[in-house]
Amino acid sequence: MIITEQTIALLDQTEELTDLIEASESFQTYIQTKAARRTSQEAKEIEREFLKMKEDYEYVQRFGKHHPDHDRIKKEMHLIKRRLDVQPEIAAFKKAERNLDKLLGEVSELLAHSVSPKIKVPTGNPFFDEGGCSGGGSCGGGGSCGCAV
């Protein structure tokens, strides 16, 4: 690849965008909640229990309902998953992760559409990703964005 002034300018703009994303509230919250989750003894313990239960669950699933512990393991798996989902540091981290993912998705969409409105950008929603409209259905159903309606 030949480095041109245009390439250097593009790399500089990329660094600026990266700096803006890292300075965003979404990114900062993500970093803080990630650290809180990593240092929480309660979160670590529940994650360990979940991983152990996941191994048991996957083993039992190989045999399906024919395994004698199927119902018990399945119920315990749901209970530990619920404990994992409501543990404060883990729940805060997951929320921050979704918000950061949303921000990055919006940035990706803006970048792609600044090049061409026909560029497809994964939205995280299989309905819209499969439909061909990367704008989350923003074409209004008329197919003006190039999607097959």
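Summarised in this report is the structure supplied together with it. (Residues numbered from 1 in each chain as written. Predicted model: local features only at pLDDT ≥ 70, side-chain atom pairs only at ≥ 80, totals over all residues. Heavy atoms only, no water.)

**Structural notes on the overall build of the chain**
Here comes step 1: Summing up its helical and strand segments, the chain has 6 helices and 0 strands in all.
Here comes step 2: Traced from its N-terminal end to its C-terminal end, the chain shows the element sequence α-α-α-α-α-α.
Here comes step 3: Every one of the 149 residues in the chain was classed for burial, and the buried ones make up 21%.
Here comes step 4: Intrachain contacts of the chain at a sequence separation of at least 6 include 47% that bridge at least 24 residues.
Here comes step 5: As presented, the chain carries roughly 11000 Å² of accessible surface, and 56% of it is formed by carbon and sulfur atoms. (Helix = DSSP H or I, 4+ residues; strand = E, 2+ residues; numbered from the N terminus. Buried < 20%, exposed > 50% of the residue type's maximum accessible area, 1.4 Å probe, protein only. Contact = heavy atoms within 4.5 Å. Areas by Shrake-Rupley, 256 points an atom, 1.4 Å probe, with all protein chains shown as cover.)

**Topic: helix H4 (residues 70-86)**
Here comes step 1: With 17 residues, H4 should cover 24 Å at 1.5 Å per step; its first-to-last C-alpha distance of 25 Å lies within 8% of that length.
Here comes step 2: Turning to H4, its buried residues are His 70, Ile 73, Met 77, Ile 80 and Leu 84. Buried residues along H4 cover an arc of 100° about the axis, so they all sit on one side. Opposite the buried face of H4, by more than 90 degrees, sit the exposed residues Asp 71, Lys 75, His 78, Leu 79 and Arg 82.
Here comes step 3: Contacts made by the buried residues of H4 are with helix H3 (41-63) and helix H5 (88-115). (Expected span 1.5 Å × (residues − 1). Arc of directions from axis to C-beta.)

**A short note on a negative patch on the surface**
Here comes step 1: On the surface, a cluster of negative charge is made up of Asp 12, Glu 15, Glu 16, Asp 19 and Glu 22.
Here comes step 2: Along the chain, the position of Glu 22 falls in helix H1 (residues 5-23). (Patch = residues over 30% accessible without salt bridge, like charges linked within 9 Å, V, L, I, M, F, W, Y side chains within 5 Å. Salt bridge = Lys/Arg side-chain N within 4 Å of Asp/Glu carboxyl O. Lys, Arg positive; Asp, Glu negative; His and termini not counted. Charge placed at Lys NZ, Arg CZ, Asp CG, Glu CD.)

**Topic: the packing of aromatic side chains**
For any pair of aromatic rings, the description rests on two quantities: the centre-to-centre distance and the angle between the ring planes.
Here comes step 1: Inspection of every chain in the model, using the stated rule, returns 2 aromatic pairs.
Here comes step 2: Geometrically, the ring pair formed by Tyr 30 and Phe 93 is tilted, given 5.4 Å between the ring centres and 35° between the ring planes. Taken together, the residues span a long stretch of sequence, with Tyr 30 in helix H2 (residues 25-39) and Phe 93 in helix H5 at a distance of 63 residues.
Here comes step 3: We classify Tyr 30 as buried; its relative accessible area is 15%. (Phe/Tyr/Trp six-rings, centres within 6.5 Å; stacked < 30°, edge-to-face > 60°.)

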